[in-house]
Amino acid sequence: MSSFKSLNLLTPILEALEKKGYTGPTPIQEMSIPHLLNGGDILGIAQTGTGKTAAFSLPILNNLAIKKVKTKPARMRCLILTPTRELASQIEENIKFYGKGLSLSSAVVFGGVSPRPQIAKLSRGTDIIIATPGRLLDLMGDGHVLFEQLETFVLDEADRMLDMGFINDVKKVIAKLPKQRQTLLFSATMPQDIAELSKQLLKDPKRVEVTPESTTVEKIDQKINFLERGNKPLLLKSILKNKKVKHALVFTRTKHGANRVVQHLEKEGVVAAAIHGNKSQGAREKALNGFRSGKVRVLVATDIAARGIDVSSITHVINYDLPDDPKSYVHRIGRTARAGREGVAISFCDPTERKLLKDIEKCISYKIPVDESHEYHGVPAENRDMPNSRSLNQKKKNSGQSQRRKSSRNPSRRSTKKK
Ligand code: AMP
């Protein structure tokens, strides 16, 4: 592994990297940075978790800082297009950190919030803009964004742009960019449409490919917990009693499910927040910031909302519901074991989810170990509709079945049953 110093980055950038605690470049950084510093194009087959944000941000900052140019109103020198608001914010945060000593300006442009502050910022001229395609197109249409000073264009997570239906918006933006520019395209996979787009976009690109999934997945301690659906909230509560579960990301299938899990946890005194598409941008950011700072111990998310969440301190991913798409399993559990750390992924599997589990195991070519030691293994459902704890207590009182249910949770009875 080379050092950042040997990559010839400016001193303020090296200082920022040291402050971050990075000891050396990741493979994608090592492969990309020298080529990008020389002005070349890159086709990066990589996903979040590989260090790709720094791989493009560091040389961009370096080049912009060396060649000082004043940006005119509504212009920018670098445009980074990314599919989600969360990713845009994360990239800007990184850029601000790495570029602290460089006097370069940056702005984010995304929907779900008032455009006015964004327009005000753009009107002054900005070195780096990080945008989602829809809002950028709106602002372009109104003449708030002009590209003639653009030097570098980054298309991040190109395959997700395609999945999320943004690719036509992306193409409309690209059509307005100056032909003379440096271009970087990153994508975790290379579907036909993206391969074709990359041919049109990139000039003699260097192809850099890193496959972190297998290595990341290997570092994750994965477990399957079989249980009845109605016992899921109880098992979650029990898992969260363990102090080792410092920072948990819980996945549910639906937005409604995410809200119900949060309500349930809050009643149990666990600080939790939900993040999904029905939440306003403000609420999503508040939840994410709370989680990042450690104030919120448990973040409950749906797949879409969690895309690209990069919180390196996540100790546990809990699949409260298994995903329908087996590939999502890999994305989900890859939220833990970030940046060289280890992580735990616990997946709940009720009888209706057995087929999903089979598909996942086939996809990852790995039989996930079953944890039979958890409290609700082989225990009949206590709580079919996942009511909150108050209504559960109420039910117990009303039905007079409390005693019988308690005994069904008694481990000694369980072991008899298993025999
Ligand atoms: P990314 O792939 O850009 O989402 O980065 C994944 C994680 O790796 C982030 O938490 C980064 O802060 C971290 N990271 C990036 N570069 C390095 C590096 N050279 N050494 C250690 N961690 C890094």
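The shown structure was predicted, so the numbers you read here are calculated from the model rather than taken from an experiment. Every chain is numbered independently, its residues counted from 1 as its sequence is written. In view of the model being predicted, local features appear only for residues whose pLDDT reaches at least 70, and side-chain atom pairs are presented and counted only at 80 or more, with totals across whole chains, interfaces and linings using the full set of residues. Only hydrogens and water are set aside when side-chain values are computed; all heavy atoms of the structure are taken into account.

**Student:** Mind showing me how you'd approach the nonpolar core here?
**Tutor:** Most often, soluble globular proteins have nonpolar side chains that are buried together. In this text, buried Ala, Val, Leu, Ile, Met, Phe, Trp, Tyr and Cys residues form a nonpolar core when linked through side-chain atoms within 4.5 Å. We call a residue buried when its accessible area falls under 20% of the maximum for its residue type, exposed when it is over 50%, and partly exposed in between, using a 1.4 Å probe and counting protein chains only. Within the largest apolar cluster, 36 residues are counted, with the highest numbers of intra-cluster contacts made by Leu9, Leu58, Ile80 and Ile128. Numbered from the N terminus, helices here are DSSP runs of H or I no shorter than four residues, and strands are runs of E no shorter than two. When residues of this core are traced back to their parent elements, those giving at least two are helix H1 (11-20), helix H2 (27-37), helix H3 (52-66), strand E2 (76-81), helix H4 (85-98), strand E4 (126-131) and strand E6 (182-187). With eight residues, H3 is the largest single contributor of residues to this core. One finds Leu79, Leu122, Met140 and Val173 within the second-largest nonpolar core, a separate group that totals 30 residues.

**Student:** Would you mind going over the pairing of strand E8 (residues 220-226) with me for this structure?
**Tutor:** As a general feature of sheets, a regular strand has side chains that alternate between the two faces. For E8, the buried fraction is high: five of the seven residues fall into the buried class. Here, any two strands with at least 2 DSSP bridges between them count as paired. By the bridge criterion, seven bridges tie E8 to strand E13 (residues 343-349) in an arrangement that is parallel. Each residue of the ladder has a partner; that of Gln222, found in E13, is Ala345.

**Student:** Which parts of the structure should I look at to understand the packing of aromatic side chains?
**Tutor:** The description of two aromatic rings rests on the distance between their centres and on the angle between their planes. Only centres within 6.5 Å qualify two rings of Phe, Tyr or Trp (six-membered ring in Trp) as a pair; their planes then separate them into stacked at under 30 degrees, edge-to-face at over 60, and tilted for everything else. In total, this model carries three aromatic pairs according to the counting rule given. When the centroid spacing of 5.5 Å and the interplanar angle of 45° are considered together, the rings of Phe56 and Phe186 count as tilted. Taken as a pair, Phe56 in helix H3 and Phe186 in strand E6 lie far apart in primary sequence, 130 residues in all. In this pair, the class of Phe56 matches that of Phe186, namely buried.

**Student:** What exactly am I supposed to notice about the site of the ligand here?
**Tutor:** Residue proximity to a molecule or strand is established when one non-hydrogen atom of the residue lies within 4 Å of it. Close to the ligand lie 15 residues; Tyr22, Gln29, Gly49, Gly51 and Thr53 are nearest. Here a polar contact means two N or O atoms within 3.5 Å. Within protein one must be a hydrogen donor candidate and the other an acceptor candidate, and residues neighboring in sequence count only if both atoms are side-chain atoms. Between the ligand and Gly24, the relevant distance is 2.8 Å, taken from a nitrogen atom to a main-chain nitrogen or oxygen of the residue. Measuring from an oxygen atom of the ligand, one finds a backbone N or O atom of Lys52 at 3.2 Å. Residues are grouped as follows: Ala, Val, Leu, Ile, Met, Phe, Trp, Tyr, Cys and Pro are nonpolar; Asp, Glu, Lys and Arg are charged; all remaining types, including Gly, are polar. Of the residues contributing to the shell around the ligand, the split by class is four nonpolar, eight polar and three charged.

**Student:** What exactly am I supposed to notice about helix H13 (residues 281-293) here?
**Tutor:** Working note: α-helix, 3.6 residues per turn, so residues spaced by three or four point in the same direction. Any helix carries an expected span of 1.5 Å times its number of residues minus one. Along its 13 residues, H13 runs 18 Å from first to last C-alpha, staying within 8% of the 18 Å computed at 1.5 Å per residue. Should any heavy atoms of two residues lie within 4.5 Å, those residues are counted as being in contact. Where the residues of H13 are buried, they touch H4, strand E9 (248-251), strand E10 (272-275) and strand E11 (298-301). Phi for Gly294, located one or two positions after H13, is positive at around 95°.

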